[in-house]
Amino acid sequence: MTVTEHCRNDFIDNLLSITNDYTKLIRIISYVFRFAANCRFPESKKFGPLKADERVRAENSLIRMVQEGKFQEEIKDLKRGKGVSNKSKLSSLNVFIDENGILKVGGRLKHSKLNVYSKHPIVLPTNHILTTNILVYYHKKYLHLGAQALLYQVRQKFWPINGKHNCKKVIFKCITCAKNKAVLTSQIMGDLPTDRVTPNHVFNVTGIEFDDFETLSPGHFLIGRPINGIVEPLLSEIKETRLSKWQKITKFSQSVWKVWKRDYLCNLQQQYKWKFKVNDVKVGTLVLIKNENLPGTKWLLGRISELFHGKDNQIRVVNIKLPNGTVLKRNVRDVAILPTEN
Ligand SMILES: [Zn+2]
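As the structure is a computational prediction, the values presented were derived from the model and not from experiment.

Colleague: When you look at the overall build of the protein chain in this model, what are you seeing that I'm missing?
Modeller: Assigned secondary structure in the protein chain consists of 11 helices and nine strands. Residues classed as buried in the protein chain amount to 17% of the 342 residues present. Considering only intrachain contacts with a sequence separation of at least 6, the fraction spanning at least 24 residues in the protein chain is 51%.

Colleague: Quick question: what am I supposed to make of helix α8 (residues 163-172) here?
Modeller: Two residues of an α-helix separated by three or four positions point the same way, owing to the 3.6 residues in each turn. Of all the residues in α8, the buried ones are Gly163, Asn166, Cys167, Val170 and Ile171. For α8, the buried positions fall inside an angular range of 135° around the axis, keeping them on one side. Exposed positions of α8 whose direction lies more than 90 degrees from the buried face are Lys164 and Phe172. Tucked inside the fold, the buried residues of α8 contact α6 (129-141), α7 (147-154), β4 (158-160) and α9 (175-180).

Colleague: I keep staring at the nonpolar core and nothing clicks. Help me out?
Modeller: Grouped burial of nonpolar side chains is what soluble globular proteins tend to show. Val123 and Ile134 are the most contacted members of the largest nonpolar core, which has 30 residues in total. Elements with a minimum of two residues in this core: α2 (22-40), α3 (52-70), β3 (122-124), α6, α7, β4 and α8. Among all residues touching valine 123, those that are not within four sequence positions of it are Gln67, Leu90, Val95, Leu103, Lys104, Val105, Trp159 and Ile161. Val318, Ile320, Ala336 and Ile337 belong to the second largest nonpolar core, which has nine residues in total.

Colleague: I keep staring at the sheet that holds strand β8 (residues 327-331) and nothing clicks. Help me out?
Modeller: To summarise the sheet geometry, strands pair through backbone hydrogen bonds and adopt either a parallel or an antiparallel arrangement. Reading across from one edge, β8-β7-β6-β5-β9 is the order of the five strands in this open sheet, with antiparallel pairing throughout. Here the strands that pair on one side only, and so sit at the sheet edges, are β8 and β9 (335-337). Across the sheet, the axes of successive neighbouring strands diverge by a mean angle of 45°, strand direction being ignored. Pairing of strand β5 (residues 286-289) with strand β6 (residues 300-309) involves four bridges; the strand directions are antiparallel.

Colleague: Can you walk me through the environment of leucine 15 in this structure?
Modeller: Position of leucine 15 relative to the elements: it lies in helix α1 (residues 3-16). Linking leucine 15 and leucine 25, residues 10 residues apart in sequence, is a C-alpha distance of 8.3 Å.

Colleague: What's the story with the pairing of β5 in this structure? I'm lost.
Modeller: Two faces, one strand: in a regular strand the side chains alternate between the faces of the sheet. The pairing of β5 with β9 spans three bridges and is antiparallel. When the sheet's bridge partners are listed, valine 287 is paired in β9 with isoleucine 337.

Colleague: Help me understand the confidence of the model for the protein chain in this model?
Modeller: Close reading of the predicted structure is inappropriate where its pLDDT is low. Taken as a whole, the protein chain shows an average pLDDT of 84; of its residues, 87% reach a score of 70 or greater. When mean pLDDT is compared element by element in the protein chain, α6 scores highest at 95, while helix α10 (residues 218-223) scores lowest at 68.

Colleague: Can you help me understand unusual backbone geometry in this one?
Modeller: Phi is mostly negative for residues that are not glycine, and the peptide bonds are mostly trans. Positive phi is not limited to glycine here, since asparagine 127 has a value of about 50°. Looking at the element boundaries, asparagine 127 is found in the loop between β3 and α6. Residue asparagine 127 is classed as partly exposed on the basis of its C-beta count, with 13 C-beta atoms lying within 10 Å. At asparagine 162, a position not held by glycine, the phi torsion is positive, near 60°.

What counts, and at which threshold
- Residues numbered from 1 in each chain as written.
- Predicted model: local features only at pLDDT ≥ 70, side-chain atom pairs only at ≥ 80, totals over all residues.
- Helix = DSSP H or I, 4+ residues; strand = E, 2+ residues; numbered from the N terminus.
- Buried ≥ 20, exposed ≤ 12 C-beta atoms within 10 Å, placed from the backbone.
- Contact = placed C-beta atoms within 7 Å.
- Arc of directions from axis to C-beta.
- Core = buried A, V, L, I, M, F, W, Y, C linked by C-beta atoms within 7 Å.
- Pairing = 2+ DSSP bridges.
- Axes fitted to C-alpha atoms, helices over the stretch in contact; angles between N-to-C directions.
- pLDDT = per-residue confidence, 0-100.

And the structure:
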């Protein structure tokens, strides 16, 4: 890279860092050109709102500068009258340089009745800030299109290399789209608590407090004894002929639990959902708080202020600080992370 090329690339980077609004950038460059022209030709000074030809000139200059930086080899080859090298990403596009010095797609639609921009769209480099700004401009102009539709609209005038991938990237980073299709976070499934993996009678472990005065309850019928009755000894190894009628019923009940342990309990090993961590949250992460009664765009916005881990060291609960200072405690699966630059 020569010193001139290096300076030009620095200049373009500085120019593109002024704003990420494509139309605003074109306006700024147009006014700079007008100022330069007014200095050179004071007798024919221009005033007032920008004219269409001034904007087109500014846009062409900007695109030409970016293309000269990114497609140096291709432009050199074309200016020498040679075709583009087979190794180039542009080799399949039959590119040419138009009368304004802009690299365009030659393509195979020369004889179609499409307008001149659609027939010969302007080539844009992949992963370049100008390409991103143009895609963002179209994405917003056409009310937050999806990747395929966005690419179709952009290709009416531009041909971004690796277009679908770049469109997806733009949509992934769009806050409005993120709010409309909020992806909730999730953690891997937790270990089952002891009470759920130990054979036991129904209601033996419960959050309900039973009072001192015993009454006949459904529990008596379900477990065959009072709720606070002593648990029967293990009878599975004793022959039935040695057992009383009650002990035979107890033995049968115990054999059911044995089958439960052998055939059902092992199935709980597998995690059927929440197999992976999705969007692992951190303190300071900007999130939307799920509210099933409202659309995603109306969900409250907050910042994670504290994390609470389960026994398996996975994040299960989070505190979220709202803009008004209120702190809400929520299950981690009820928050959706907003895309940010970092
Ligand atoms: Zn969007």
